[in-house]
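# Inside the fold
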Amino acid sequence: MSAGHLKFGLVAAIAILSAPVASAQEGRGADETAALCHGGGSICVSARIPAVRATTQTVQNWMSRDVGAAWAAGYKGAGVTITMVDDFSSTSRFSGNFGIGVQTQRHGEWTREEASMIAPAATIRSKDFSTGTAVSLASGRNVLNLSYGMYTTAGYSANQIWWAPEESSIISYATKGSAIVSKAAGNDAVAVGGVTGGQQDYLDLALIGKPTAIFVGALSTNGTTANKAQLAWYSDYAGSNQAVQSHFLVVGVEGDKTGLYGTSFAAPIISGYAAIIGSKFTKATPVQITNDLLNTARTDTLVNYDPSVYGKGEASLSRALAPVAIH
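Residues numbered from 1 in each chain as written. Predicted model: local features only at pLDDT ≥ 70, side-chain atom pairs only at ≥ 80, totals over all residues. Heavy atoms only, no water.

## Examining the overall build of the chain
Within the chain one finds ten helices and 13 strands. Considering only contacts within the chain whose residues lie at least 6 apart along the sequence, 76% involve residues at least 24 apart. Of the roughly 11900 Å² of accessible surface on the chain, a fraction of 49% belongs to carbon and sulfur atoms. (Helix = DSSP H or I, 4+ residues; strand = E, 2+ residues; numbered from the N terminus. Contact = heavy atoms within 4.5 Å. Areas by Shrake-Rupley, 256 points an atom, 1.4 Å probe, with all protein chains shown as cover.)

What follows is the structure, given as structure tokens:
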């Protein structure tokens, strides 16, 4: 199919998952998407990525209690690089509060801050997704965070898409197991890869079956056995495809506390978890870390657990860190 249907360098269209859903003050719905770089894509040229600002290492009330336990044990993501592939150049900004004060930021600045707060010792890099250039990996272990989707008319197969170097490199890393890829599931309340408004997310389709790709859905809260969580009303779910179910996790996105809703804010939590796990299991491969996250997920913290809804279940950082070693 023609490259013009998707995001290739100077793009025809980019749809990011949940970018404008984050601000209660703006009164926007959690299933809304923001279109960037329409037309000639001039705003995508020569994107300037701001430096990551330091965040306080404080366990916030929107986080799972497992995060504090991991930090207390000395695991904060050291030695792992998280690359945020996101919007760092558009004029679109929205407000929220991760517990350190109300801010108004771009989508990528929000997801980057969230990942850095979960894994404060990880190296965080920013890759503006409007440039279309290949994503480079750092030395050591890598996690790629994708809080966006690539939508066009439904009905094509993933191998019919001509990918730009950016998405091509990401898909290659997930295929070869070179990096963990945490992909926001989407906010259309359909199965991963499903049709919504006559369109499909072809980045989802291209990542299905890849050994280090994880699709991340949103729960309305962090689950416990006493107070079980359920899928957020907007979140895409695993569906009937067992290849998706086996690589689908859910985490709490407590927008009532932060003003930030959407699976865009679920994926950075898994990115942070992966970095924390990598800081304990320093010789583990991306495939081993991915499998550890998937195989230790909980189902007893979820309302009416069903793999077609929740996939492997709610990510459990404490269970993933429990083994002496992972293989």
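## Structural notes on the pattern of salt bridges
What the rule picks out here adds up to seven salt bridges. Glu254 serves as the salt-bridge partner of Lys257, at 2.5 Å between the closest nitrogen and oxygen. Of the residues examined, Lys257 reaches a relative accessible area of 38% and is grouped as partly exposed. With a shortest N-O distance of 4.0 Å, Asp300 and Arg319 are connected by a salt bridge. One end of the pair, Asp300, is in the loop between helix H8 (286-295) and helix H9 (307-310); the other, Arg319, is in helix H10 (residues 317-321), with 19 residues separating them in the sequence. Taking relative accessible area as the criterion, Arg319 reaches 37% and is therefore assigned partly exposed. The structure contains a network of salt bridges with shared partners spanning Lys183, Asp201 and Asp204. (Salt bridge = Lys/Arg side-chain N within 4 Å of Asp/Glu carboxyl O. Buried < 20%, exposed > 50% of the residue type's maximum accessible area, 1.4 Å probe, protein only.)

Structural measurements only, silent on function.
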